[in-house]
Amino acid sequence: MSDTPTPLVPAEGWHVMHLFYSIDHSQWSLLSEGEKRQAKTQLSELVQEIRAHKDTQLLTYAIATPKADLGFMLLTPDLLDATYFEKRLTLALGVDVLTPTYSYLSQTERSEYTTSREQYGKDTLIAEDGMTEGSEEYLAALQEFDERMVHYLKHRMYPVLPDWPAICFYPMSKRRAAHDDYNWYSLDHQARAKLMKGHMKTGRKYSGKILQLITGSTGLDEHEWGVTLLAKDTIEIKNIVYEMRFDEVSARYGEFGDFYIGMLLPLNELFKKICL
Ligand code: 76R
């Protein structure tokens, strides 16, 4: 084995960690004022160091309710870096001050259900819009589609997350109970794609209000996807999750883990809100 570890960078996309901690105030209260200041500086410097790392984003959140106090969302290509950052974040305020309460590992992924160029040409441009194959307007529309797809794929695989104030995270799976009419994994691709079309239609209504990032976690963590919803208003989170419940994909096949609500804050503000 060589001395330099082999990076664990996926062939495409990034690793994503959602990290949640509670503060052990009995440990924190043992520190002097100077030590507390030093601990906060240490965490702030580490956050800056991580953010300066290539292709890496780290968002810091105050978490609502006693489920957790502090939350991070980390996106970075190499799992070795993600792991090292995570261990150091856990220790940065001093040993035993932060207790991990929940975490989730996933990767950005492309969707199986995006419309192909051929499908778009046939179903939308010819069948719906009445264009003639090969015509000037048809070719222009296809070129526009190609450009849109490059942009779309880039957002899904290498997203740049905006600084919207609220985050909702929850993991989910698609149902696959045995002896059950609703086994997502026994449907063929065409049936799943049809159902997903309805899902996307509902989702698109929230364009500009909700930024959704779906990251895949089969084989990586307990559920199959991590759902990250960024919003400017918590009511949009409540509305979209409610509306999705009526969508067939969620109504019949969705299974959910715990929900976490966080508020994006710069660390100095965050420290105050979580009583450090
Ligand atoms: O890829 C895209 O971003 C656009 C099309 C799209 C896909 C492929 C899309 C759009 N979703 C896709 C896949 Mn979604 N999504 C969820 C949830 O709470 C619930 O009931 C479900 C949780 C929400 C709220 C949501 C919102 N989506 C997926 C997948 C992977 C499925 C698979 O591969 O089998 C999951 C698990 C999932 C779950 N979705 C959108 C949204 C929103 C708001 C959009 C519109 C994005 C936009 O067009 O701006």
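First, a word on scope: everything that follows refers to the structure included in this document.

What counts as what
Residue positions are given per chain, counting from 1 as you read along its sequence in written order. Local features in a predicted model are, by the rule used here, given only for residues with pLDDT of at least 70; side-chain atom pairs are given and counted only at 80 or more, and totals for whole chains, interfaces and linings are based on all residues. Side-chain measures were taken over the full set of non-hydrogen atoms in the model, leaving aside hydrogen atoms and water. The donor definition counts N, O and S atoms within 2.8 Å of each metal and applies 3.2 Å to Na, K and Ca; water is not among these atoms, so some sites may look incomplete. Numbering goes from the N terminus for both helices and strands, where a helix is a DSSP run of H or I of at least four residues and a strand is a run of E of at least two. In this analysis, a patch consists of residues with relative accessible area above 30% that form no salt bridge, clustered at 9 Å for like charges and at 5 Å for the nonpolar side chains Val, Leu, Ile, Met, Phe, Trp and Tyr. Shrake-Rupley sampling with a 1.4 Å probe provides the accessible areas, and residues are treated as covered by the protein chains on show and by no other component. We define a salt bridge as a contact between a side-chain nitrogen of Lys or Arg and a carboxyl oxygen of Asp or Glu at a distance within 4 Å. By the counting rule applied here, Lys and Arg register as positive and Asp and Glu as negative, while His and the ends of each chain are not counted. A charged residue contributes its charge at one atom only: NZ of Lys, CZ of Arg, CG of Asp or CD of Glu. Throughout, exposure labels follow a simple rule: accessible area from a 1.4 Å probe, protein chains only, divided by the maximum for the residue type, with under 20% read as buried, over 50% as exposed, and the rest as partly exposed. The arc under discussion is defined with respect to the helix axis, by the directions toward the C-beta atoms. The contact criterion used throughout is that any non-hydrogen atoms of two residues lie within 4.5 Å. Nitrogen and oxygen atoms within 3.5 Å of one another constitute a polar contact, given that in protein one can donate a hydrogen and the other can accept it, and given that sequence-neighbouring residues count only through two side-chain atoms. One heavy atom suffices: a residue is near a molecule or strand as soon as one of its heavy atoms comes within 4 Å of it. Classes in brief: Ala, Val, Leu, Ile, Met, Phe, Trp, Tyr, Cys and Pro nonpolar; Asp, Glu, Lys and Arg charged; the others, Gly included, polar.

Inspection of the coordination sphere of the manganese atom of the ligand shows a single protein donor, H199 (NE2), at 2.2 Å. Within the secondary structure layout, H199 lies in helix α6 (residues 189-204).

The subject of this paragraph is a negative patch on the surface. A cluster of acidic residues, D123, E128, D129 and E137, forms a negative patch at the surface. Tracing the chain through its elements places E137 in helix α5 (residues 136-157).

Quick look at helix α7 (residues 234-246) now. Considered for burial, the residues of α7 that qualify are E236, I237, I240, V241 and M244. Down the axis of α7, the buried set is contained in an arc of 125 degrees. They therefore lie on one face. The exposed residues of α7 that point more than 90 degrees off its buried face are K238, Y242 and F246. Considering only its buried residues, α7 is in contact with β5 (166-174), α6, β6 (210-216), β7 (225-231), α8 (248-253) and β9 (260-264). Between the side-chain oxygen at the start of α7 and the backbone nitrogen of I235 there is a gap of 2.8 Å, and the oxygen is on D233.

Quick look at the site of the ligand now. Looking at the ligand, there are 22 residues lining it, with Y152, R156, Y170, H199 and S250 nearest. S250 places a polar side-chain atom, nitrogen or oxygen, 2.5 Å from an oxygen atom of the ligand. Of all the elements in the fold, those that place two or more residues in the shell around the ligand are α5, β5, α6, β6, β7 and α7. The dominant element in the shell around the ligand, judged by the number of residues it contributes, is α6, at five residues. Residues belonging to the shell around the ligand are distributed by class as follows: 14 nonpolar, five polar and three charged.

In short, geometric facts, not functional conclusions.
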